Amino acid sequence: MQKRILAIAITTTLLFVFVPMPANAAQPFDCSIDGSFTISNNTVTNGSTCTGEAWIPAEVTAIGEDAFRLAEGLTSVTFAEGSRLSSIGIWAFYQATSLSSIIIPKNVTSIGDGAFYRATSLTSVSFEEGSRLLYIGNNAFNQTRDLSSIAFPKNLRSLGSFAFSDAASLSSVTFAQNSRLETIGNFAFFGTPELTSVVIPRSVKSIEDGAFFGATGLESVTFARGSRLTAIGDDAFGGFNSLTSITIPKNVRSIGTSAFLNSRALTSLTFAPGSRLTTIGLGAFTNCTSLTSVVIPRNVKSLGVGAFFGATGLTSVTFAAGSRLETIGDEAFMGAVSLASIKIPNRVRSIGGSAFQDTPSLTSVTFARGNKPVTIGNYAFVNAIGLTSVNLSNRVTSIGESAFQNTPSLTSVTFSRGSKLTTIGVKAFKDATNLTSIVLPSTVTSIASAAFEGAAALTNIRFLGNAPAVDDPDAFSGIGAGAKVQVGPTATGFGQAGSTWNGLLVEIVSGRYRF
């Protein structure tokens with residue numbers, strides 16, 4: 001009887017010892033120096049007290065949200081051989097300020113938002129061979145200020161917003177051969193002044209807003225052969241970088257607002273043959289002061305406001321044959337003080353306000369003939385003090401306020417047969433002091449106040465049609481002494497020969513004028 005009782009007792013004890021704990025039971029694990037973390041459902045949690053090394057067993061599949069958040073004494077994380085880890089959760093190592101290095105196991109597919117944010121001592125991040133990583137989240141390595149290099153595995157598809165923002169020591173960024181990366185997120189490498197060069201993989205389709213903004217040491221950006229890039233976002237390379245040249249891949253459709261703002265060292269801007277670019281955004285190349293020439297691809301339809309504002313070294317702007325350009329935005333070339341001439345393509349419909357303001361070296365402006373009407377905006381060529389001739393072809397329908405004001409070298413303004421001009425705006429040719437004569441098309445119906453005021457050498461104005469409405473007699477104030485208006489014998493509204501019209505002596509001339 002005693003033997004039977006003893007056997008039962010032994011059996012009961014063995015069952016108690018060897019029955020495994022439930023899989024979802026929370027198990028504490030000590031860290032090498034002090035503190036601990038918990039594993040539950042194969043997920044690491046509650047490691048904020050961990051000091052020294054944290055050893056993560058192979059069966060763990062996730063580092064949970066906030067798992068080692070504020071674990072400022074954590075110095076290293078080691079994953080057991082054969083680790084099954086598949087995810088590192090959001091804020092997992094947030095402000096783990098003593099963590100110096102980490103090797104990400106190959107089965108990890110995602111690193112969550114803010115996972116290593118402010119891990120300020122992190123100097124080395126590497127990925128096991130065969131890494132399956134697909135996604136690096138927003139702010140994942142933001143402010144890892146001691147990190148000097150990063151080599152991304154080939155399966156990575158998306159690099160999140162601010163992923164390496166303010167990684168102040170980051171000098172080397174490399175992508176694996178045959179990288180599958182598609183997106184470089186907003187401000188991903190914002191504020192990385194030590195970064196000097198980067199090769200963008202062919203698989204990348206989008207470089208988003210501010211991706212390399214403030215990378216002030218960036219000298220070289222190369223796009224891999226066969227690049228699939230379609231969009232360069234706002235401020236993508238803005239903020240006083242050191243780029244000297246850039247070639248935009250052919251599949252890029254849009255260059256965003258301020259994309260290359262203040263790239264003052266940029267001397268060469270080229271577009272790959274067969275470029276599909278349609279839009280150059282607001283301020284895209286503002287203050288690119290070393291840029292000397294640019295050829296705008298044929299598919300570009302819009303030059304944004306201030307696209308080349310302050311490009312003081314720009315001497316030549318050429319539009320590719322067959323240009324489809326429709327809009328030149330306000331201030332597009334304002335302050336391009338070295339620009340010598342410009343030929344406006346035949347599909348352009350609008351030249352924005354101040355588009356070529358303050359271009360003192362500009363001597364010639366020509367509008368290509370075509371069927372598309374075009375308007376010249378207010379102040380479009382004001383202060384183009386070197387401008388000597390303007391050929392407005394047959395397409396210009398209106399000349400805006402002060403469009404050619406203060407162009408003292410202007411001696412020739414011509415229109416082509418079939419001109420559609422209807423309106424000459426306020427102060428349009430004010431102080432064009434060397435203009436001696438002008439022939440105005442029959443379609444002109446309105447001349448605004450001070451349109452020719454101060455054109456002191458202007459003595460001969462010929463109208464090919466009837467008298468237009470004149471807003472104010474000062475439209476011709478201060479023009480040449482004895483100035484006359486020449487009109488055809490059938491023209492109406494001017495009065496008889498020898499009379500005056502808005503202060504000008506009327507002269508009737510016969511014969512057809514030929515452009």
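Above: the structure in question.
Conventions we followed
- In every chain, residue numbers begin from 1 and rise along the written sequence.
- Reporting of local features is limited, given that this is a predicted model, to residues whose pLDDT is at least 70; pairs of side-chain atoms are given and counted only at 80 or more, and all residues count toward the totals for whole chains, interfaces and linings.
- Side-chain metrics in this entry use all non-hydrogen atoms of the structure; hydrogen atoms and water are not considered.
- Strand pairing is assigned whenever DSSP identifies at least 2 bridges connecting the two strands.
- Only DSSP runs of H or I covering at least 4 residues are called helices, and only runs of E covering at least 2 are called strands; the numbering of each starts at the N terminus.
- Each salt bridge in this description consists of a side-chain nitrogen of Lys or Arg and a carboxyl oxygen of Asp or Glu lying within 4 Å of one another.
- Burial status follows relative accessibility: with a 1.4 Å probe on protein chains alone, a residue under 20% of its type maximum counts as buried, one over 50% as exposed, and anything between as partly exposed.
- The criterion is simple. A nonpolar core is a set of buried Ala, Val, Leu, Ile, Met, Phe, Trp, Tyr and Cys residues joined through side-chain atoms within 4.5 Å.
- Whether two residues touch is decided by their heavy atoms; if any such pair falls within 4.5 Å, the residues are in contact.
- For every element, the axis is a line fit to its C-alpha atoms; helices are fit only across the contacting stretch, and the angle between N-to-C directions ranges from 0 to 180 degrees.
- A 1.4 Å probe that fits into a set of points on a 1 Å grid over the protein atoms alone but cannot get out defines a cavity; an open set with protein on both sides within 12 Å along at least five of seven lines defines a pocket, and lining residues are those with an atom within 4 Å of a point.
- Grid points are joined across faces, edges and corners, and a volume is the space filled by probe spheres set on the points.

Here the focus is the pairing of strand β40 (residues 484-487). Bridge count between strand β38 (residues 460-463) and β40: 3 bridges; the pairing is parallel. Bridged to N460 within β40 is K484. Pairing of β40 with strand β42 (residues 504-508), which is carried by 4 bridges, proceeds in the parallel orientation. Note on β42: the bridge partner recorded for Q486 is E507.

The next subject is the pattern of salt bridges. A complete count under the given rule lists 3 salt bridges for this structure. One salt bridge in this structure joins K430 and D431, with 3.1 Å as the shortest N-O distance. Classification of D431 as partly exposed rests on a relative accessible area of 26%. The salt bridge partner of K484 is E507, with a shortest N-O separation of 2.9 Å. Placement of K484 in strand β40 and of E507 in strand β42 is noted, with a sequence separation of 23 residues between them.

Glancing now at the sheet that holds β42. Pairing within the open sheet is mixed, and its 5 strands lie in the order β36-β38-β40-β42-β41. Among the strands making up the open sheet, the edge pair consists of β36 (437-440) and β41 (500-501).

This part is about the nonpolar core. Membership of the largest hydrophobic core comes to 148 residues, with the highest contact counts inside it found for F68, F116, F212 and F308. At 3 residues, strand β6 (residues 74-79) tops the list of elements feeding residues into this core.

Here we take up the environment of A25. Examined against the element boundaries, A25 turns out to sit in the loop between α1 (2-18) and β1 (27-30). Sequence separation between A25 and N42 is 17 residues; the distance between their C-alpha atoms is 9.6 Å. Non-local contacts of A25, meaning those with residues more than four positions away in its chain, are made with I39 and S40.

Right, let's get into the sheet that holds strand β34 (residues 412-414). The strand order across the open sheet formed by 4 strands is β28-β30-β32-β34, and the pairing between neighbours is parallel. Strands at the two margins of the open sheet, each flanked by one partner only, are β28 (341-344) and β34. For this sheet, the mean angle separating the axes of adjacent strands, direction not counted, is 5 degrees. Here strand β32 (residues 389-391) pairs with β34 via 3 bridges, running parallel. Across the sheet, N391 pairs through a bridge with T414, a residue of β34.

In this approach, a probe sized like a water molecule rolls over the atoms, and the result shows the empty space that is left. A volume near 230 Å³ is recorded for the second largest pocket. Elements that contribute at least two residues to the lining of the second largest pocket include exactly β14 (172-175) and β16 (197-200).

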